[in-house]
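Reading the structure
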Amino acid sequence: MNRLDLLSLLLGVYVLLYLTSVADSIKWLSLAMSSGATATISSANYCDSLVGLVKRQRRICKKNLEVMESVKLGAHEAIQECQYQFKNRRWNCSMVDPKSLFGNVLKLGTREASFVHAISAAGVAHAVTRACSSGKLTKCGCDRTVKGPSKDGFEWSGCSDNIAYGIAFSKTFVDAREKKSKKSGKNAGRRLMNLHNNEAGRLAIEQNMKVECKCHGVSGSCELRTCWRAMAPFREVGAIIKEKFDGATEVKSVMTKNHPRLVPTNPQFKPHTKYDLVYLVASPDFCEPDPKTGSFGTKGRVCNKTSKAIDGCELMCCGRGYETRKRKVVDRCFCKFHWCCYVTCQECEREIEEHTCK
Ligand SMILES: *[C@@H]1O[C@H](CO)[C@@H](O)[C@H](O)[C@H]1NC(C)=O
Ligand SMILES: *[C@@H]1O[C@H](CO)[C@@H](O)[C@H](O)[C@H]1NC(C)=O
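Residues numbered from 1 in each chain as written. Chains lettered and ligands numbered in written order. Predicted model: local features only at pLDDT ≥ 70, side-chain atom pairs only at ≥ 80, totals over all residues. Heavy atoms only, no water.

**Side note on the nonpolar core**
Judged by nonpolar contacts, the single largest core of 62 residues is most densely connected at Trp28, Val71, Phe169, Phe173 and Ile241. Broken down by secondary-structure element, the contributors of at least two residues to this core are α2 (46-49), α3 (55-63), α4 (65-85), α5 (111-133), α6 (163-174), α8 (188-206), α9 (234-246) and β7 (278-279). Contact partners of Phe173, with chain neighbours within four places excluded, come to Trp28, Leu31, Leu53, Gln57, Ile60, Met68 and Val71. (Core = buried A, V, L, I, M, F, W, Y, C linked by side-chain atoms within 4.5 Å. Buried < 20%, exposed > 50% of the residue type's maximum accessible area, 1.4 Å probe, protein only. Helix = DSSP H or I, 4+ residues; strand = E, 2+ residues; numbered from the N terminus. Contact = heavy atoms within 4.5 Å.)

**Looking at the environment of Leu106**
Tracing the backbone through its elements, the reader meets Leu106 in the loop between α4 and α5. The class for Leu106 is buried, based on a relative accessible area of 4%. Taking the C-alpha atoms as reference, Leu106 lies 8.1 Å from Val116; in sequence the two are 10 residues apart.

**What to know about the side chain of Asn162**
Structurally, Asn162 can be placed in the loop between β2 (155-156) and α6. Exposure remark for Asn162: the relative accessible area of 15% places this residue in the buried category. Residues within four places of Asn162 in sequence aside, it is in contact with Thr129, Cys132, Ser133, Cys140, Gly141, Cys142 and Asp143.

**Describing the site of ligand 1**
Close to ligand 1 lie Asn92, Ser94, Phe296, Gly297 and Arg301, which account for all nearby residues. Gly297 places a polar main-chain atom, nitrogen or oxygen, 3.4 Å from an oxygen atom of ligand 1. Broken down by class, the residue content of the shell around ligand 1 amounts to 1 nonpolar, 3 polar and 1 charged. (Near = heavy atom within 4 Å. Polar contact = N/O pair within 3.5 Å; in protein donor to acceptor, adjacent residues only side chain to side chain. Nonpolar A, V, L, I, M, F, W, Y, C, P; charged D, E, K, R; others polar.)

**Re the site of ligand 2**
Lining the immediate surroundings of ligand 2 are Asn304, Thr306 and Ser307. A distance of 2.3 Å separates an oxygen atom of ligand 2 from a polar atom in the side chain of Asn304.

**A look at α3**
Residues spaced three or four apart along an α-helix face the same direction, because each turn holds 3.6 residues. Buried within α3 we find Gln57, Ile60 and Cys61. Down the axis, α3 shows its buried residues gathered within 105° of arc, on one side only. Opposite the packed face of α3, turned more than 90 degrees from it, sit the exposed residues Lys55 and Lys63. Its buried side turned inward, α3 meets α2, α4, α6 and α7 (176-179). (Arc of directions from axis to C-beta.)

**Quick look at the sheet that holds strand β3 (residues 210-216)**
With mixed pairing, 4 strands are arranged side by side in an open sheet as β1-β2-β4-β3. The two strands at the open ends of the sheet, each matched to only one other strand, are β1 (148-149) and β3. Sheet topology note: the β2/strand β4 (residues 224-230) ladder contains 2 bridges and is parallel. In the strand pairing of β4, Trp156 is matched with Cys227. (Pairing = 2+ DSSP bridges.)

Here it is as C-alpha cells:
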C-alpha cells in the first residue's frame, strides 16, 4: 500500500467515525420503537433495556421513571408527524432500518436533520406536558400560576398546561445528547445546530399556546367565562415546524473569542432568530438512491399527475417520467341505517389510476 492509499484510507475511517458519532445525537428516538412493557417500567433496569440512550440519558431515565412512558410516546408521535408532514415530498421521512433511523440523511447537518431534531424535542415536551395536565405524574400537574381575573373580562381558572415542566424535561433529556465531550472543538458546529433546533422546536409549542374557555351561567348563557392556557394540538405544532423547515437558514460555525457561534452563510440574509431552524449542509436532491447522503431516490413513489407542486409527477420523478396503472379499490357504499341501531353497506369496486415514478 502506498502512502496516498493509506492516507485516503485513514481519512475514510475518520469520516466514518465522525458521521457515526454525529448520528448518535438522535439515536434516542429509536426508543419509540422499543416495545418495553409498561409493567416493567417501574424496575430500574427498564432504563438499561431501552436502546439508543447515552449514559447521561440513562441516569435521567432512572431518576424519572414515571416520565419515561411520555418520552416514548413523544418520540413516537414525532416520527409519525415527520412522516405526515413529508408524505408528499421526495424525502418522506421514511426509515430503512429502524436502528439507524432515517438513514444517513441525519448524519449530515441538513435541513431534514434540523426538522427531525425540532420535532422530536417538541414531541417530548408536548407529551410530558399532556401527562402533567392529565394528572398522571406525581412531579407535575396543571399550571396553577394562571389564575385570577383577566383584563378581557373572564376568569383564569381550570387546568392550564404546564408547558414549563414539559419544556424543561425535554431540555434535560433530549439535549443531554449534545452535552457529552463538550470540550472537544470537533463537531462543535453540529452540536450548536442540534441544540438550536431542539430549542426552536420547543419554542414552537410555547409560541402557539391558546386560550380555551368554558361558559357558565343559566343554560349556557356565558355570564361567567373561565379560561385556561392550552397547547395547540401536536398536528398544528408539526405544521408550524414544517413552515420553519421551508424557511430554514443555512449557517456556518465561526469562532469568536474562542467560542463557536452560528452565523448565516450568506451575510446578506437576515440573521436567524431562536425561533428559526438552521442547517449546515445543503440537502441532496433525493432523486437517486445514494447511501452516502441517505437518499432512497424516488423510483416507485406515487405522484400526482396534475399537480405542479413537489408531489406532482414532474418534480417527484425528477423528469424521469412515470408509469400509470389501474388499480381496483373497494369502498363501502349504499349504506343503510336500520332502526335501531346498525348500518349495513354493500361493497363497491371502483378503478383508480395510479402514477408511480420510473
Ligand atoms: C417513502 O419513500 C420510500 C422510498 O422511496 C418508499 O419505499 C416508502 O414507501 C415511502 N413511504 C410512504 C409512506 O410513502
Ligand atoms: C392532485 O393535485 C391536484 C392539483 O394540485 C389536486 O387538486 C388533487 O386533489 C390532487 N390529487 C390527489 C389524489 O392528491
